[in-house]
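# What the coordinates show
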Amino acid sequence: MDAELTTAPAADETELEDSRRQPPREVTPETVAVRGVQEVLAKQPVVTVARGMSKFGDHAIGWLALGALGALFDRGRRAEWVASAAGVAAAHGASIAVKRAVRRSRPGDPGVRVLVSTPSRLSFPSSHATSTTTAAALYGRLLGRRLSPVLVPPMLVSRLVLGVHYPSDVAAGSTLGGVVAWGVRRHLERRRNRG
């Protein structure tokens, strides 16, 4: 009987011990925002689409594949498609470098549901937001279409729906992607003017 009483502490005692070892995570406005997005949007059809977008954007592979298709079929502007796809790859690489420098953890609040696997626990900036913004700006220019308003907001929101990023992660990623796209466009314009 005595052995039974000492084998495991009561649930309340365990929680009290855990709270002494680890301070509770602070609930921030960003955590509240992610919870709010999930509460409103994280329904099955939306989650399914968001997961598909996540797969497409993993390591920028979907955007790189589209750049390769552009280079294959638009022979007259093959060099521009290749340079644009290289810009998407560079944007993705830049986001990874910033992630490793900043080392911000992904949302870990118990009220946030993580609905997709991720290659790392690092959150800032969102690589999906970075590569999507770069691809939308560069490929849109080549196609003569404004793709950013159509492609970027859904990707940014999808990262919150899936519970893997904070709003500042996706905002920073999109900004970084825009800066990289601007640099690639400047490079292409200079090259065009020289030649």
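Scroll up to find the structure this text is about.
Summarised in this report is the structure supplied together with it. (Residues numbered from 1 in each chain as written. Predicted model: local features only at pLDDT ≥ 70, side-chain atom pairs only at ≥ 80, totals over all residues. Heavy atoms only, no water.)

Moving on to unusual backbone geometry. Note the cis peptide between Phe124 and Pro125, where omega equals -5°. Mapped onto the fold, Pro125 is located in the loop between helix H6 (78–102) and helix H7 (127–143). For His59, which is not a glycine, the phi torsion comes out positive at approximately 55°. Considering the arrangement of structural elements, one finds His59 in the loop between helix H4 (44–57) and helix H5 (61–73). (Helix = DSSP H or I, 4+ residues; strand = E, 2+ residues; numbered from the N terminus.)

Attention shifts here to the pattern of salt bridges. All chains considered together, the criterion is met by 6 salt bridges. Residue Arg77 is joined to Asp74 by a salt bridge in which the shortest nitrogen-to-oxygen separation is 2.8 Å. The residue Arg104 makes a salt bridge to Asp169 at a minimum N-O spacing of 2.8 Å. Of this pair, Arg104 sits in the loop between H6 and H7 while Asp169 sits in helix H9 (residues 167–194), placing them 65 residues apart in sequence. Relative accessible area serves as the criterion here: at 23%, Arg104 is assigned to the partly exposed category. Since its relative accessible area comes to 0%, Asp169 is described here as buried. (Salt bridge = Lys/Arg side-chain N within 4 Å of Asp/Glu carboxyl O. Buried < 20%, exposed > 50% of the residue type's maximum accessible area, 1.4 Å probe, protein only.)

The next subject is a nonpolar patch on the surface. Taken together, Phe56, Leu66, Leu69, Leu72 and Phe73 make up a surface patch of nonpolar side chains, about 490 Å² in accessible area. Examining the composition of the nonpolar patch, we find that 4 residues originate from one element, H5, more than from any other. Note on placement: Leu69 falls in helix H5. (Patch = residues over 30% accessible without salt bridge, like charges linked within 9 Å, V, L, I, M, F, W, Y side chains within 5 Å. Areas by Shrake-Rupley, 256 points an atom, 1.4 Å probe, with all protein chains shown as cover.)

Checked against the element boundaries, Ala71 lands in helix H5. Distance in space between the C-alpha atoms of Ala71 and Ala83 is 9.6 Å, their sequence separation being 12 residues. Among residues more than four places away in sequence, those in contact with Ala71 are Arg78, Trp81 and Val82. (Contact = heavy atoms within 4.5 Å.)

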